[in-house]
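Overview (structure and organization)
Residue-level listing of the chains:
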Amino acid sequence: MSDRLNVLKTYKLYVGGKFPRSESGRVYEVTTATSAADAAGKGKWLANAPLSSRKDARDAVVAARKAFGGWSGATAYNRGQVLYRVAEMLEGRRSQFVREVAHAEGLSKSKAAEVVEAAIDRWVWYAGWTDKIAQIVGGANPVAGPFFNLSTPEPTGVVTVIAPQESSFLGLVSVIAPVIATGNTAVVVASEKSPLPALSLGEVLATSDVPGGVVNILSGRTREIAVPLASHQDVNAIDLSGADADLARDLEIAAADNLKRVLRPQPVDGDWSADPGTHRLTAFLEMKTVWHPTGTLGASGSAY
């Protein structure tokens, strides 16, 4: 019998393509999921997760803004390739995520495997939409006069995502993937009680083709991180999926200061296995409309 000790994993934040500890040096205990029937009322210790500070949140916004120009300027086809690469990397680490999701959500191994497979498929789903969403929401507009009138979608900018609290992986993927698929960059506040799948996702993103800063993942107290992000002047939008009613109200008020786009919690958020549709793809897009003169239109034809 071997006497060696297991090498415990150190979970870190994912900011700007790197893995810093919280600048505050704080951590908090993450335990397995518990139920009302648990006699002790507390799950088994899993790890110490970083307890992010306001400074960490500000650093994440800086990283997201720095990455926005290159990511939004990439072709939609290229973004699709990158998202598909994430799915490939997740497939290779499937067993790790099955274990983490089972611990995080109190699921059996077989049920956790279904959740992880659904999350991988969700990445593929959004990878396929990157170069198609413009045809769905954009196009030529009929106008009276000698003009071409074209509307095309463009990304909003830096998006804060409050990840779902209960669905630590499938829900997480379902809110991150559409944000970056359309060219935005993201600052993600992971599930407070189950952050480990999110922090491990950062490792997958770092070893795929996603440029550093496109996705930044913070763990800690949801309110403590989310409030300064909602009022941050360089954040353009916020997804409130993981916020309870009181926090969602406070964040929405803070977001109004610089007219952020706000995506309120949706009815479908209770069932992340449902068909995601396209509403999250369009939630953080701006429509740019361009008028272009066609020249003289006459009986002999058009002159441009």
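Here, residues in each chain are numbered from 1, in the same order as that chain's written sequence. Confidence filtering applies because this is a predicted model: local features only for residues at pLDDT of at least 70, side-chain atom pairs given and counted only at 80 or more, and all residues used for totals across whole chains, interfaces and linings. Note: side-chain values were computed over all heavy atoms of the structure, leaving out hydrogens and water.

Another aspect to go through is the pattern of salt bridges. Only one rule defines a salt bridge in this text: a Lys or Arg side-chain nitrogen within 4 Å of an Asp or Glu carboxyl oxygen. Counting across every chain of the model gives 19 salt bridges. One salt bridge in this structure joins E114 and K111, with 3.6 Å as the shortest N-O distance. Here E114 pairs with K111, and both are found in helix 4 (residues 109-129), just three residues apart, close to one helical turn. With a 1.4 Å probe rolled over the protein chains alone, any residue whose accessible area is under 20% of its type maximum counts as buried; one over 50% counts as exposed, and the rest are partly exposed. The exposure class assigned to K111 is partly exposed, which follows from its relative accessible area of 41%. Residue E192 pairs with R221 through a salt bridge whose shortest N-O separation is 3.4 Å. Here E192, found in the loop between strand 6 (185-189) and helix 7 (196-206), pairs with R221, found in the loop between strand 7 (215-218) and helix 8 (222-231); they are 29 residues apart in sequence, far enough to count as distant. What you see here is one network of salt bridges that share partners, running through K9, R93, E100 and E203. Secondary structure elements follow DSSP: runs of H or I no shorter than four residues count as helices, runs of E no shorter than two count as strands, and numbering proceeds from the N terminus.

To define axes, lines are fitted to C-alpha atoms, for helices over the stretch in contact only, and angles between the resulting N-to-C directions are given on a 0 to 180 degree scale. Where helix 4 meets helix 6 (residues 170-181), the closest approach of the two axes is 9 Å, and the angle between their N-to-C directions is 10°. Relative to helix 6, helix 4 is oriented roughly parallel. Contacts between helix 4 and helix 6 pair V115, A118, A119, R122, W123 and Y126 from the former with L170, V173, S174, I176, A177, P178, I180 and A181 from the latter. Basically, the charged four are Asp, Glu, Lys and Arg, the nonpolar ten are Ala, Val, Leu, Ile, Met, Phe, Trp, Tyr, Cys and Pro, and anything else, Gly included, counts as polar. Along the lines of polarity and charge, the residues of the contact of helix 4 with helix 6 split into twelve nonpolar, one polar and one charged. Between 65 and 115 degrees an angle is taken as roughly perpendicular, under 35 as roughly parallel, over 145 as roughly antiparallel, and anywhere else as oblique. Any two residues having at least one pair of non-hydrogen atoms within 4.5 Å are treated as being in contact.

A few words now on unusual backbone geometry. Backbone geometry places L259, a non-glycine residue, at a positive phi of 55°. Assignment of secondary structure puts L259 in the loop between helix 9 (245-255) and strand 9 (261-263). The exposure class assigned to L259 is exposed, which follows from its relative accessible area of 74%.

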